[in-house]
Amino acid sequence: MVKPKYKRVILKLSGEALGGEKGFGIDWQVVETICEEIEKVRELGVEVAIVVGGGNFFRGRSAEHIDRATADYMGMLATVINSLALQSILEKRGIPTRVQSAIEMRQIAEPYIRRRAIRHLEKGRVVIFACGTGNPFFSTDTAAALRAAEIDAEAILLAKKVDGVYDSDPKKNPNAKKYDFITYLDVINQRLEVMDSTATSMCMDNEIPILVFELAKGNILKAVMGENIGTIVNVKEAK
């Protein structure tokens, strides 16, 4: 039997992905499909933690009428809604799950405690990190990089609406080049929209590979197995 490439991963999901075609609210069929994939990955013995965005309800940096810090806190609360949705569907499948929030809200989630998160993973529970880093001016991408470093994740699985990293927007440029491998520095220097620069720099400093791929049925499992899908962002390009 082929073994998975990674033992412990962070799955980064955007809020828009949970919104499906509309990109707003929660598309329950999309959530069901994601949870089905997570179930298959977990059955292979892979420890899975999730960081989810909140853009399907509220995007802090796009708010015009309130200050940025308040907007970011509102966005963090949106991630809690998505985290609880994922938890509910996962547990309906019999998968033990814990939501840990960077902002304390004891009635619905545990406070984030690194050692407790690691222990949950070791016991086979899926851990969902809500509220980003708990600080304004930091994205959930940065939260994914931070949590990956803290729990010693071997990779960040970055599931997006595009099938990898391109040198320009493939929707606007039909001749856009797709990368199979690219370095962190190239992502930063070329200002490619993989993760924000803070998140990318943190992954570079801690040598955490980022696997960028399309959120399509079967791709999360393929990414964990090390199949050649999407784009790998790493220290140096593969030969």
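Residues numbered from 1 in each chain as written. Predicted model: local features only at pLDDT ≥ 70, side-chain atom pairs only at ≥ 80, totals over all residues. Heavy atoms only, no water.

Trainee: When you look at the pattern of salt bridges in this model, what are you seeing that I'm missing?
Mentor: Side-chain pairing between opposite charges can occur once the charged atoms of the two side chains come close. Using the criterion set out here, one finds 13 salt bridges in the structure. In this structure, Lys 12 engages Asp 141 in a salt bridge whose closest nitrogen and oxygen atoms are separated by 3.5 Å. A residue pair is termed long-range when its members are at least 10 positions apart, and Lys 12 in strand β1 (residues 8-13) and Asp 141 in helix α5 (residues 140-150) qualify at 129 residues. What emerges from the salt-bridge pattern is a single network uniting Glu 32, Glu 39, Lys 92 and Arg 93. (Salt bridge = Lys/Arg side-chain N within 4 Å of Asp/Glu carboxyl O. Helix = DSSP H or I, 4+ residues; strand = E, 2+ residues; numbered from the N terminus.)

Trainee: Is there a simple way to explain the UniProt feature "domain: Aspartate/glutamate/uridylate kinase" (unreviewed entry) in the protein chain in this structure?
Mentor: The positions UniProt marks with the feature "domain: Aspartate/glutamate/uridylate kinase" (unreviewed entry) are residues 7-213. The distance from the first to the last C-alpha atom of residues 7-213 is 19 Å, and the span holds 39% helix and 20% strand. (UniProt positions renumbered as here; feature names shortened; annotations may be inferred.)

Trainee: Sorry if this is basic, but what is going on with the sheet that holds strand β10 (residues 210-214) here?
Mentor: The sheet built from nine strands is open, its strands ordered β4-β3-β5-β2-β1-β6-β10-β11-β9 with mixed pairing. Looking along the sheet, the strands with just one partner apiece sit at the ends: β4 (110-111) and β9 (181-183). Bridge count for β1 against strand β6 (residues 155-160) is five bridges, and the pairing is parallel. Across the sheet, Val 9 pairs through a bridge with Ala 155, a residue of β6. On top of the sheet, helix α2 (residues 28-43) reaches β1, β2 (47-52) and β5 (126-130); it is set at about 155° to β2, its chief contact. (Pairing = 2+ DSSP bridges. Contact = heavy atoms within 4.5 Å. Axes fitted to C-alpha atoms, helices over the stretch in contact; angles between N-to-C directions.)

Trainee: What is the right way to look at the packing of aromatic side chains in this model?
Mentor: Each aromatic ring pair is specified by the distance between its two centres and by the angle formed by the two planes. Throughout the structure, instances matching the rule amount to two aromatic pairs. The interplanar angle of 65° and the centroid separation of 6.2 Å between the aromatic rings of Phe 24 and Phe 57 together place this pair among those described as edge-to-face. With Phe 24 in the loop between α1 (15-18) and α2 and Phe 57 in the loop between β2 and α3 (68-92), this pair connects stretches of sequence that are 33 residues apart. The class of Phe 24 is exposed, set by a relative accessible area of 56%. Given the relative accessible area of 29%, Phe 57 is considered partly exposed. Ring centres 5.5 Å apart and planes at 80° place the aromatic pair Tyr 112 and Phe 129 in the edge-to-face group. Of this pair, Tyr 112 sits in the loop between β4 and α4 (114-122) while Phe 129 sits in strand β5, and the two are 17 residues apart along the sequence. Residue Tyr 112 shares its accessibility class with Phe 129, and that shared class is buried. Residue placement shows Arg 147 over the ring face of Tyr 112; its charged tip is 3.7 Å from the ring centre. (Phe/Tyr/Trp six-rings, centres within 6.5 Å; stacked < 30°, edge-to-face > 60°. Buried < 20%, exposed > 50% of the residue type's maximum accessible area, 1.4 Å probe, protein only. Lys NZ or Arg CZ within 6 Å of the ring centre and 35° of its normal.)

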